[in-house]
Amino acid sequence: RHVFRWATKIGMTTRLAYSRNGFRKGVRHPGSLGPRQIDEYLRPLHLSDTALERFRIFMASLSNAETREIANEFYRFEKATLIVWALDDAFFPLIWGERLATDFPHSTMTTISDCGHFVPEERPRQLASRLQHFLVDHFWSSPEAETPLD
C-alpha cells in the first residue's frame, strides 16, 4: 500500500509521467509497448476529474488483504485454470505464479520466456498458442472439433 502513497502527493502531469515510466519498466522489449499503447492504458484517467479522483482513491486503498483472505479457498475452484506467467516480469515474481498453480487444483501453468509483464503486447503469438492448446486440451472434446484459432 505504501508504494502508491505517491499518488496523493504529486500532481497529475507528474503522476502520468511516473505511470509511463512504470509501464516501460514492465516490458522486456521497449518497442513492444509504445507511447500510443501506454496512453490507451492511461486514457480512462483523462475522461474526467471524477475518474481521476476515483483512480486516486483506488490507488491509495490498494491492499492484498482480500486476496490473502480468499486464497485459502482457491482449492475449492473446480474449473480448469490456465496461469500464464512471463519469466521476466518486473512486477510479479515467478514464485507468485507458482503459488497460484499450487493453490488452484486444476491449474496448468505455462511460462513465456524473454517477456516482461505485458504478455499480450510483447508475445501475442506465444500467448495465443498457449491459450489455444489449453482450450483444445480442456474444452474441445473431440479431436475432429475445430480449434479456436483455425
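All values reported here derive from a predicted model rather than from experimental measurement.

## Overview of the nonpolar core
Line of reasoning, step 1. Grouped together as the largest cluster of nonpolar side chains are 8 residues: F23, V27, L33, I38, L42, L45, L52 and F118.
Line of reasoning, step 2. Counting residues in each nonpolar core, the second largest holds 5 residues, with A86, C115, V119 and L127 among its members.

## Description of the side chain of E121
Line of reasoning, step 1. Take E121: it is sitting in helix α6 (residues 119-122).
Line of reasoning, step 2. A polar contact of 2.5 Å, which involves the side chain of E121, links it to the side chain of Y41.
Line of reasoning, step 3. The contacts of E121, once residues within four sequence positions are left out, are S32, L33, Q37 and Y41.

## Considerations on the pairing of strand β1 (residues 81-86)
Line of reasoning, step 1. When you tally the buried positions in β1, you get 5 out of 6 residues, the bulk of the element.
Line of reasoning, step 2. After leaving β1, the chain enters helix α5 (residues 94-103) and then returns to the sheet as strand β2 (residues 107-112), a path that is right-handed.

## As for a nonpolar patch on the surface
Line of reasoning, step 1. Together, F91, F92, I95 and W96 line one region of the surface with nonpolar side chains, adding up to about 420 Å² of accessible area.
Line of reasoning, step 2. The residue W96 is located in helix α5 in this model.

## Side note on the pattern of salt bridges
Line of reasoning, step 1. Evaluation of the coordinates by the stated rule reveals 5 salt bridges.
Line of reasoning, step 2. Salt-bridge contacts for R28 lead to D114; the nearest nitrogen and oxygen are separated by 2.9 Å. Of the two residues, R28 sits in the loop between α1 (12-25) and α2 (35-42) while D114 sits in the loop between β2 and α6, which places them 86 residues apart along the sequence.
Line of reasoning, step 3. The class for D114 is partly exposed, based on a relative accessible area of 30%.
Line of reasoning, step 4. Taken together, the shared-partner salt bridges connect R28, D88, D114 and R123 into one network.

## Examining the side chain of E122
Line of reasoning, step 1. Its place among the elements puts E122 in helix α6.
Line of reasoning, step 2. There is a polar contact of 3.0 Å between the side chain of E122 and the backbone nitrogen of R28.
Line of reasoning, step 3. Beyond its immediate sequence surroundings of up to four residues, E122 is in contact with G26, V27, R28, H29, S32, C115, G116 and H117.

Criteria and cut-off values
- Residues numbered from 1 in each chain as written.
- Predicted model: local features only at pLDDT ≥ 70, side-chain atom pairs only at ≥ 80, totals over all residues.
- Heavy atoms only, no water.
- Core = buried A, V, L, I, M, F, W, Y, C linked by side-chain atoms within 4.5 Å.
- Buried < 20%, exposed > 50% of the residue type's maximum accessible area, 1.4 Å probe, protein only.
- Helix = DSSP H or I, 4+ residues; strand = E, 2+ residues; numbered from the N terminus.
- Polar contact = N/O pair within 3.5 Å; in protein donor to acceptor, adjacent residues only side chain to side chain.
- Contact = heavy atoms within 4.5 Å.
- Right-handed = clockwise from strand over helix to strand, strands pointing away.
- Patch = residues over 30% accessible without salt bridge, like charges linked within 9 Å, V, L, I, M, F, W, Y side chains within 5 Å.
- Areas by Shrake-Rupley, 256 points an atom, 1.4 Å probe, with all protein chains shown as cover.
- Salt bridge = Lys/Arg side-chain N within 4 Å of Asp/Glu carboxyl O.

So, to be careful, I would describe these as geometric facts and stop short of saying anything about function.
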